[in-house]
Amino acid sequence: MSHETVYAIASGKGGVGKTTTTVNLGTALAEAGQRVAIVDVDLGMANLAGFVSLTPDSTTLHDVLAGAVSIDDATYRLADNIVAVPSGTSLDEYAETSPEGLHDVVEELRSQFDYVFLDVGAGISHETVLPLGLADAVILVSTPEPAAVHDTKKTIELTDRAGGEVAGLVLTRTRPDGDVSHDELADRLEVPLLGTIPEDPAARDSVYAGTPLVVFEPDGPAAVAYRRLAADLTGIEIDIPEPDRDGDGDAASTDAERPAAEPNADGGGDAGGDDDAGGDDDAGGDDDAGGDDDAGGDDDAGGDDDAGGDDDASGGGDADGGDDAGDTGEREAAHDDVSSAITEAESDPR
């Protein structure tokens, strides 16, 4: 298994699919039996609250960083083995937070979960840079578009200044007929190519179904790519079906219990392996739909309280690693229809 357990999912540009990547990597690992926490560390422009259907007075990471509550109070169970820690959406609450407290939050979650994914905000700010140095490694997310690739260079620079390590690049919304090869884009950035996530029309449908793509259409090209990325990144054995490339719902075969490739401990090499592994960062293929780094507003953010695709949110997700999640004060996310919140977040021009 990789020694890296805390990953920051980051990009310089919004709308490229950081949250899609966060949720689907987390869900794939949770389905494989790993305990996972996804954390919205975009303190200024948080969207994960919509993903877990929080009420306005719900406890969030803002309250934790203000010193008012413990991290357990802001942890919400999504499904078996996976929880979310959302940030608040109130500017007043944001003003009261102390981003420096993220260090203690990350260390506490590290001790409770097998993997922690930090959904980092786009742009340059103190709270954006801070998580880059707190994580074991930073996963860069970008589309092949020139503007997105250019902004990724800035994220690499910020990671270096924060004392962090770059694991590599994940390219989303890729097409086989692109002008520049995916490996060449990674070479230009001087980082390893971890994997690619091609366009997948099922991504948009998964949002409105309220289910992460890896659960909604597990043998679709997008889901297969995310599962393969999760397996290669961590070394965990994950069931990776053959992709259903013709969209008829009939995968050629299933690679049951396919052993994951040896993890690249130093972040080198192409963990994703296949340039067209399958998977869409963009829910629906729209330029802004679902590529947002908003965990609830991403087109594949899961859009539902059930990030693992399990209808019973009460089963699993024990924040302290025990059998009874309720003993830790961890909250169970409400099962509301959050499609409207997701759609609104997807239209955010960030």
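### Topic: the overall build of the protein chain
Here is step 1 of the chain: Scanning the protein chain for helices and strands turns up 12 helices and 11 strands.
Here is step 2 of the chain: Across the 350 residues in the protein chain, those meeting the buried criterion constitute 57%.
Here is step 3 of the chain: Considering only residue pairs separated by 6 or more positions, the protein chain has 77% of its internal contacts joining residues 24 or more positions apart.
Here is step 4 of the chain: With an accessible surface of roughly 12,900 Å², the protein chain has 44% of that area assigned to carbon and sulfur atoms.

### Focus on helix α8 (residues 182-189)
Here is step 1 of the chain: Taken together, the buried positions of α8 are occupied by H182, L185, A186 and L189. Down the axis, α8 shows its buried residues gathered within 95° of arc, on one side only.
Here is step 2 of the chain: Packing partners of the buried residues in α8 comprise α7 (146-161), β7 (166-174) and β8 (193-198).
Here is step 3 of the chain: Phi for E190, located one or two positions after α8, is positive at around 60°.

### Looking at the nonpolar core
Here is step 1 of the chain: Core analysis: the largest hydrophobic core is formed by 38 residues, its most contacted members being V39, L61, L109, L118 and L169.
Here is step 2 of the chain: Grouped together as the second largest cluster of nonpolar side chains are 36 residues, I9, F117, A225 and Y226 included.

### Examining the environment of T196
Here is step 1 of the chain: By secondary structure assignment, the location of T196 is in strand β8.
Here is step 2 of the chain: Placed 30 residues apart in sequence, T196 and Y226 show a C-alpha to C-alpha distance of 8.8 Å.

### Some remarks on the layout of surface pockets
Here is step 1 of the chain: The space that makes up the largest pocket amounts to roughly 410 Å³.
Here is step 2 of the chain: In this structure, the largest pocket is lined by 19 residues; those nearest its centre are P144, E145, P146, G178 and D179.
Here is step 3 of the chain: Among the elements of the structure, α7, β7 and α8 are those that each provide at least two residues to the lining of the largest pocket.
Here is step 4 of the chain: The biggest single contributor to the lining of the largest pocket is α7, with 4 residues.

### With respect to the environment of A122
Here is step 1 of the chain: Assignment of secondary structure puts A122 in the loop between β5 (115-119) and α6 (126-134).
Here is step 2 of the chain: It is 7.9 Å that separates the C-alpha atoms of A122 and D42, two residues lying 80 residues apart in sequence.

### Concerning the pairing of strand β3 (residues 76-79)
Here is step 1 of the chain: Where β3 and strand β4 (residues 82-85) come together, 3 bridges link them in antiparallel fashion. The residue of β4 that forms the bridge with Y76 is A84.

### Considering the packing of helix α5 (residues 102-112) against α6
Here is step 1 of the chain: Packing of α5 against α6 brings their axes to within 10 Å, and their N-to-C directions diverge by 40°. What the angle tells us is that α5 and α6 run oblique. Relative to α6, α5 is oriented so that their crossing is right-handed. Note on element contacts: α6 touches α5 through L130, P131 and L134, opposite L102, H103, V106 and R110.
Here is step 2 of the chain: Residues of the contact of α5 with α6, tallied by class, amount to 5 nonpolar, 1 polar and 1 charged.

### Some points on the pattern of salt bridges
Here is step 1 of the chain: Across all of its chains, the model carries 7 salt bridges by this definition.
Here is step 2 of the chain: As a salt-bridge pair, D151 and K154 come within 3.6 Å of each other at their nearest N and O atoms. Taken together, the residues D151 and K154, both in helix α7 and 3 residues apart, mark about one turn of the helix.
Here is step 3 of the chain: On the basis of relative accessibility, which here comes to 17%, the residue D151 falls in the buried class.
Here is step 4 of the chain: Among the charged side chains, a network of salt bridges with common partners joins E107, R110 and D136.

### As for the confidence of the model for the protein chain
Here is step 1 of the chain: Residues of the protein chain with pLDDT of at least 70 account for 62%, and the chain-wide mean is 73.
Here is step 2 of the chain: A low-confidence stretch, residues 251-329 stays under pLDDT 50, and its non-local contacts, those more than four residues away or across chains, total 323 contacts.

### Quick word on the packing of aromatic side chains
Here is step 1 of the chain: Tallied over the entire structure, the rule returns 1 aromatic pair.
Here is step 2 of the chain: Look at Y7 and F117: their rings are 5.9 Å apart centre to centre, the planes differ by 15°, and that puts the pair in the stacked class. Here Y7 is found in strand β1 (residues 6-10), whereas its partner F117 is found in strand β5, with 110 residues between them in sequence.

### Overview of the pairing of β8
Here is step 1 of the chain: Along β8, 6 of the 6 residues are buried, which leaves the element largely enclosed by surrounding structure.
Here is step 2 of the chain: Pairing of β7 with β8, which is carried by 5 bridges, proceeds in the parallel orientation. Across the sheet, residue V170 finds its bridge partner in β8, namely G195.
Here is step 3 of the chain: Regarding topology, α8 serves as the crossover connection from β7 to the parallel β8, and that connection is right-handed.

### Side note on unusual backbone geometry
Excluding glycine, most residues fall at negative phi; most peptide bonds, likewise, are trans.
Here is step 1 of the chain: Even without a glycine there, the phi angle at R173 is positive, about 55°.
Here is step 2 of the chain: By the secondary structure assignment, R173 is in strand β7.
Here is step 3 of the chain: The backbone phi angle of E190 is positive, close to 60°, even though this residue is not glycine.
Here is step 4 of the chain: In this structure, E190 sits in the loop between α8 and β8.

What counts and what doesn't
Residues numbered from 1 in each chain as written. Predicted model: local features only at pLDDT ≥ 70, side-chain atom pairs only at ≥ 80, totals over all residues. Heavy atoms only, no water. Helix = DSSP H or I, 4+ residues; strand = E, 2+ residues; numbered from the N terminus. Buried < 20%, exposed > 50% of the residue type's maximum accessible area, 1.4 Å probe, protein only. Contact = heavy atoms within 4.5 Å. Areas by Shrake-Rupley, 256 points an atom, 1.4 Å probe, with all protein chains shown as cover. Arc of directions from axis to C-beta. Core = buried A, V, L, I, M, F, W, Y, C linked by side-chain atoms within 4.5 Å. 1 Å grid on protein atoms, 1.4 Å probe; cavity = no way out; pocket = protein on both sides within 12 Å on 5 of 7 lines; lining within 4 Å. Points joined across faces, edges and corners; volume = space filled by probe spheres on them. Pairing = 2+ DSSP bridges. Axes fitted to C-alpha atoms, helices over the stretch in contact; angles between N-to-C directions. Parallel < 35°, antiparallel > 145°, perpendicular 65-115°, else oblique. Left-handed = near helix turned anticlockwise from the far one by under 90°. Nonpolar A, V, L, I, M, F, W, Y, C, P; charged D, E, K, R; others polar. Salt bridge = Lys/Arg side-chain N within 4 Å of Asp/Glu carboxyl O. pLDDT = per-residue confidence, 0-100. Phe/Tyr/Trp six-rings, centres within 6.5 Å; stacked < 30°, edge-to-face > 60°. Right-handed = clockwise from strand over helix to strand, strands pointing away.

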